[in-house]
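# Examining the three-dimensional arrangement
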Amino acid sequence: MNYEDVMKLALERGFYFPSCEIYADAQAGFWEYGPSGVSLKNKFLELWRRELIRRDGMMEIDGSQIMSKSVFEASGHLGNFADPIIKCTKCKSTFRADRTISEISKIEIPESADLVEFDNAILQNNIKCPKCKGDFENAKKFNMMFKVGIGPEEEEAYLRPETCQSIFVDFPRLFKTMRGKLPLGIAQIGKSFRNEISPRQSLLRLREFYQAEIEVFCNPTKLDEMERFSEVQNTIIRIQIDTKAVSMTCKEAVESKTIPNKFVAYYLGILAEFYEKTGIDVTKSRFRKLGDKEKAFYAQVAFDFEV
Ligand SMILES: [Zn+2]
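Chains are numbered independently. Their residues run from 1 in the order of the written sequence. Two thresholds apply to this predicted model, a pLDDT of at least 70 for residue-level local features and 80 or more for giving and counting side-chain atom pairs, whereas whole-chain, interface and lining totals are computed over all residues. Values reported for side chains reflect all heavy atoms of the structure, with hydrogen atoms and water molecules removed beforehand.

## Overview of the pairing of strand 11 (residues 208-217)
In plain terms, the rule: For each residue, the accessible area found with a 1.4 Å probe, counting protein chains only, is set against the maximum for its type, and the residue is called buried under 20%, exposed over 50%, and partly exposed in between. Helix numbering and strand numbering both begin at the N terminus, where a helix is a DSSP run of H or I of at least 4 residues and a strand a DSSP run of E of at least 2. Only when DSSP finds a minimum of two bridges between them are two strands counted as paired.
With burial as the criterion, only one face of strand 11 is covered, namely that bearing Phe209, Gln211, Glu213, Glu215 and Phe217; the residues Glu208, Tyr210, Ala212, Ile214 and Val216 on the opposite face remain uncovered. As paired elements, strand 10 (residues 184-193) and strand 11 share 10 bridges and run antiparallel to each other. Following the sheet pairing, Gly190 is matched in strand 11 by Gln211.

Quick look at the structure:
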């Protein structure tokens, strides 16, 4: 069965269905989980809590979904959490620049590239509006956070675009009141909100969705002093750099400097064990090391888990 067939069956069986579907102004990118969907989600969460949170002695919190403007000024999201968009001069439709260029011309430009790279690709490949063949305006950045007004004065606040913010904001209090010791994992499962320009692929690109997030706080000078590393040193992980995926133990990955230190390798190791227990065929998966332009704007090193 391919992805479309599985999603169609899940829809027919009520695992999930569109939100507000009885009204004509229902917006794309919002879905409900039906009873079977909720029980599948709960099962996944039980495993997540057992294999990651409890195994590693992490703390779990449940933070507020609306957060003040200062949080996102401090995190950089007000300035940087934006997608490149292009608008048609004729029919005024708006598209994601990177996706439209890749669909029409097969040229891949990372979403974090400079705006001029999109303009150049559009010009050089004579890319026109897919709806009306009109010309595009210059590419712009569109901030994907949902703004909300608090109280009668409508003071500026935002729906969180990621579940990590409250973990960072709450860290000082948690570290003190819970008598934390580094490295310390803090976890949160909850809703996040992103004003996607073109939500699609049903449950893959959404405007409102669940995130199961873990932030691990550490001493950056002690990344190779990780006692728990011995638990996973013989765990096999598949790592992809550029185009080739190779299997190796966590120990080999550190020794060959494929992974920069024991700290990162330990967490990739327990994640690999967790994913295997979810039933994913790990031989068809890999941790792909992201290139500089693909990484989030705050990351030094990043791996994506791909199946
Ligand atoms: Zn157009």
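## Section: the coordination of the zinc ion
We count it as follows: For Na, K and Ca the donor cutoff is 3.2 Å, while for all other metals N, O and S atoms must lie within 2.8 Å; water is not among the atoms, so some sites may look incomplete. When four donors show all angles between 85 and 135 degrees the site is tetrahedral, when four or six donors have opposite pairs over 155 degrees and all other angles between 65 and 115 it is square planar or octahedral respectively, and in every other case it is irregular.
Every protein donor of the zinc ion is accounted for by Cys88 (SG), Cys91 (SG), Cys129 (SG) and Cys132 (SG), and the metal-donor separations fall at 2.2 to 2.3 Å. Bound by 4 donor atoms, the zinc ion shows angles of 100 to 114° at the metal and therefore tetrahedral coordination geometry. Mapping the donors of the zinc ion onto the primary sequence gives the spacing C-x2-C-x37-C-x2-C. Separated by 41 residues along the polypeptide, Cys91 in the loop between strand 5 (82-87) and strand 6 (94-96) and Cys132 in the loop between helix 6 (115-124) and strand 7 (140-143) bring together distant segments of the chain. By relative accessible area, Cys132 is classed as partly exposed at 22%.

## What about the sheet that holds strand 15 (residues 303-306)?
The test is simple: Axis definition: a line fit to C-alpha positions, over the contact stretch in the case of helices; interaxial angles, taken between N-to-C directions, run 0 to 180 degrees.
Spatial ordering of the open sheet is given by 13-12-14-15, a layout of 4 strands whose pairing is mixed. Lying at the two open borders of the sheet, with one neighbouring strand each, are strand 13 (244-249) and strand 15. The mean inter-strand angle of the sheet, taken between neighbouring strand axes irrespective of direction, is 30°. For strand 14 (residues 286-289) and strand 15, the ladder comprises 4 bridges, and the chain directions are antiparallel. By the bridge assignment, Arg286 is partnered in strand 15 with Glu306.

## Let's talk about the sheet that holds strand 5
The condition that has to hold: In this analysis, two residues are considered to be in contact whenever any of their non-hydrogen atoms come within 4.5 Å of each other.
One open sheet holds the 3 strands; their spatial order is 6-5-7, and the pairing between them is antiparallel. Looking at the sheet topology across the chains shown, the edges are occupied by strand 6 and strand 7. Shown here is a sheet whose adjacent strand axes are inclined to one another by a mean of 50°, direction ignored. Here 3 bridges tie strand 5 to strand 6, and the two strands are oriented antiparallel to one another. Across the sheet, residue Ile86 finds its bridge partner in strand 6, namely Phe95. Helix 5 (residues 97-105) contacts strand 5 and strand 6 of the sheet and is inclined by roughly 80° relative to strand 6.

## Topic: unusual backbone geometry
Omega for the peptide link from Leu182 to Pro183 comes to -10°, which places this bond in the cis form. By the element assignment, Pro183 lies in the loop between helix 7 (164-177) and strand 10. A positive phi is found at Cys20, a non-glycine position, where the angle reads about 55°. By secondary structure assignment, the location of Cys20 is in the loop between strand 1 (16-18) and strand 2 (31-33). Look at Cys20 and you get partly exposed, because its relative accessible area is 47%. In this structure, Lys257 takes a positive phi of about 60° despite not being glycine. Within the element layout of this structure, Lys257 appears in the loop between helix 8 (250-255) and helix 9 (262-277). Residue classification places Lys257 among the exposed positions, given a relative accessible area of 68%.

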